[in-house]
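Remarks on the overall topology
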Amino acid sequence: MTLKSNLDRRTVLKGTALGLGAMAAPSIISSKALASSGELNFMGWAGYPALAETVFPKFEAATGIKINFTEQPGQDDMMTAAKLALEAGGVDVIEPTVDRVGAWASNGLVQGWDMTKLNVDNYLPGLADGAMGEMATVDGQRMIVLSVWGTEALVFDKDVLPLEYGTASLGDLFNPANTGKVVGRPHSTLAAMGRWLDAEGKLPKPWLDGYKDEATMVELWDIALAEAIKVKSNFVQWWTGENEAQAGFLVNGGAVGLCWDSTGYNLGKQGNYGYVPPKEGAFAWNQGFVLMKNAANVEQAHAFAKWVSEPEGSAAWATAFSANPVGKGAVDLLDPAVAAYYTSAFNDDALSKLWWWPAQEAWFIAKRGEYADKFKSA
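All residue numbers refer to positions counted from 1 along the written sequence of the respective chain. Only residues with pLDDT of at least 70 are given local features in this predicted model, and only at 80 or more are side-chain atom pairs given and counted; all residues enter the totals for whole chains, interfaces and linings. Each side-chain value is worked out from all heavy atoms of the structure, with water and hydrogens disregarded.

Turning our eyes to something else, we now look at the pairing of strand E2 (residues 66-72). Here strand E1 (residues 39-45) runs beside E2; their pairing, made up of seven bridges, is parallel. Bridge pairing in E2 links asparagine 41 to asparagine 68. Crossovers are marked right-handed if the path from the first strand over the helix to the second runs clockwise, as seen with the strands pointing away from the viewer. The helix and strand labels rest on DSSP assignments: H or I over at least four residues marks a helix, E over at least two residues marks a strand, and numbering proceeds from the N terminus. For the handedness criterion, the β-α-β arrangement of E1, helix H2 (residues 50-63) and E2 is classed as right-handed. Here, strands pair whenever DSSP counts at least two bridges between them.

This is the structure:
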């Protein structure tokens with residue numbers, strides 16, 4: 001998908017990131033929350049204390065609606081919990097990424113949003129229309145509305161392995177000189193290998209073709225897996241969430257890693273760490289809200305999604321994730337420190353090379369998981 005042409009540089013540089021965190025076990029909210037009420041049962045990313053500390057209280061003050069928050073470290077955990085909640089109830093809204101919405105819909109977990117109850121004009125150009133609007137729509141229904149977006153690039157220890165934009169590459173993850181120094185997420189690492197091989201002209205087909213059909217995926221991911229296994233000793237820690245990614249550097253001696261921008265920002269407050277886009281282009285993602293098929297608090301859910309599209313709500317949500325806001329006017333309300341961090345990381349060339357994660361259907365996610373498991377167990 002192409003989104004960068006619809007976003008100006010100032011919007012991008014005012015914030016960007018994501019992270020995941022701790023708790024893993026699926027949990028269902030108590031039965032008192034099953035009936036429609038002045039409450040909303042929300043399941044989202046762990047590792048972002050500002051959500052409960054500042055964002056939810058702001059929403060409650062603005063609307064009178066209380067949020068019951070269930071944390072999960074990643075989208076696979078969210079989907080597992082959602083499948084349970086489809087039977088037991090207790091979850092209204094969940095926050096996956098846009099590239100995964102097809103899988104949520106095909107699993108019968110979600111229903112379409114009533115766009116007449118939201119204000120599409122609140123969103124920045126390209127976030128509710130164009131290619132993004134098409135990706136968010138399944139069978140004519142808008143299955144996800146955006147909440148925040150960010151990037152995944154190279155986090156590095158400036159004292160151990162200094163990197164500079166223009167020469168920093170996805171290939172640094174696979175350089176034999178970096179044995180025992182790399183932090184990565186398995187499936188992202190394989191995608192990075194594929195993109196690096198593609199940029200080096202070493203693939204029989206473009207890497208993006210592997211997202212279109214299973215046969216092409218197998219052909220390309222077999223190559224990426226084989227090459228990644230050759231340098232598996234480079235990796236000192238795998239991560240699935242923000243807390244693990246930071247620990248890879250702070251505890252286990254990582255010097256470079258493919259991580260979210262939030263990881264670089266948070267580590268930069270604790271040590272001499274930097275964040276730089278590779279010359280092949282940083283991975284870029286969007287996340288948003290899906291409405292559970294059996295949501296009890298539908299009106300409250302729409303009020304919530306609408307609030308996050310407005311300047312105050314959008315700025316609060318983006319600040320909690322150290323990420324880019326989706327609402328018009330939110331950029332002017334962000335923390336200047338966050339803006340300065342991303343201004344230093346992304347120049348015009350880096351922005352022009354953003355590589356947006358393409359749509360990933362259920363079959364792709366299943367196969368991707370198989371490849372990630374093979375890589376970890378090799």
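Attention now goes to the pattern of salt bridges. We define a salt bridge as a side-chain nitrogen of Lys or Arg found within 4 Å of a carboxyl oxygen belonging to Asp or Glu. On inspection of all chains with the given rule, the structure shows nine salt bridges. Notably, a salt bridge pairs aspartate 76 with arginine 100, separated by 2.7 Å at the nearest N-O pair. Of this pair, aspartate 76 sits in helix H3 (residues 75-88) while arginine 100 sits in the loop between strand E3 (93-94) and helix H4 (101-106), and the two are 24 residues apart along the sequence. The shortest N-O distance in the salt bridge between glutamate 299 and lysine 117 comes to 2.5 Å. With glutamate 299 in helix H10 (residues 298-309) and lysine 117 in the loop between strand E4 (110-111) and helix H5 (130-135), this residue pair connects regions lying 182 residues apart in the sequence.

Another aspect to go through is unusual backbone geometry. Of note in this structure, aspartate 139 is not a glycine but carries a positive phi near 50°. Looking at where aspartate 139 falls in the secondary structure, it is placed in the loop between strand E5 (137-138) and strand E6 (141-142). For serine 322, which is not glycine, the phi dihedral falls at a positive 55°.

Let's shift gears to the packing of aromatic side chains. Stacked, edge-to-face and tilted labels apply to pairs of Phe, Tyr and Trp rings (six-membered ring for Trp) whose centres lie within 6.5 Å, assigned for plane angles under 30 degrees, over 60, and everything in between, in that order. Overall, the coordinates contain 34 aromatic pairs when judged by the stated rule. Here tyrosine 211 and phenylalanine 364 contribute two aromatic rings whose centre-to-centre distance is 4.6 Å and whose plane-to-plane angle is 20°, an arrangement assigned as stacked. In this pair, tyrosine 211 is assigned in the loop between helix H6 (186-199) and helix H7 (214-230) and phenylalanine 364 in helix H14 (residues 362-377), connecting sequence segments 153 residues apart. Between buried and exposed lies partly exposed: a residue is buried under 20% and exposed over 50% of the maximum accessible area for its type, with that area taken using a 1.4 Å probe on protein chains only. The exposure class assigned to tyrosine 211 is buried, which follows from its relative accessible area of 9%. Judged by relative accessible area, which is 0%, phenylalanine 364 ranks as buried.

Shape descriptors only; they carry no functional weight alone.
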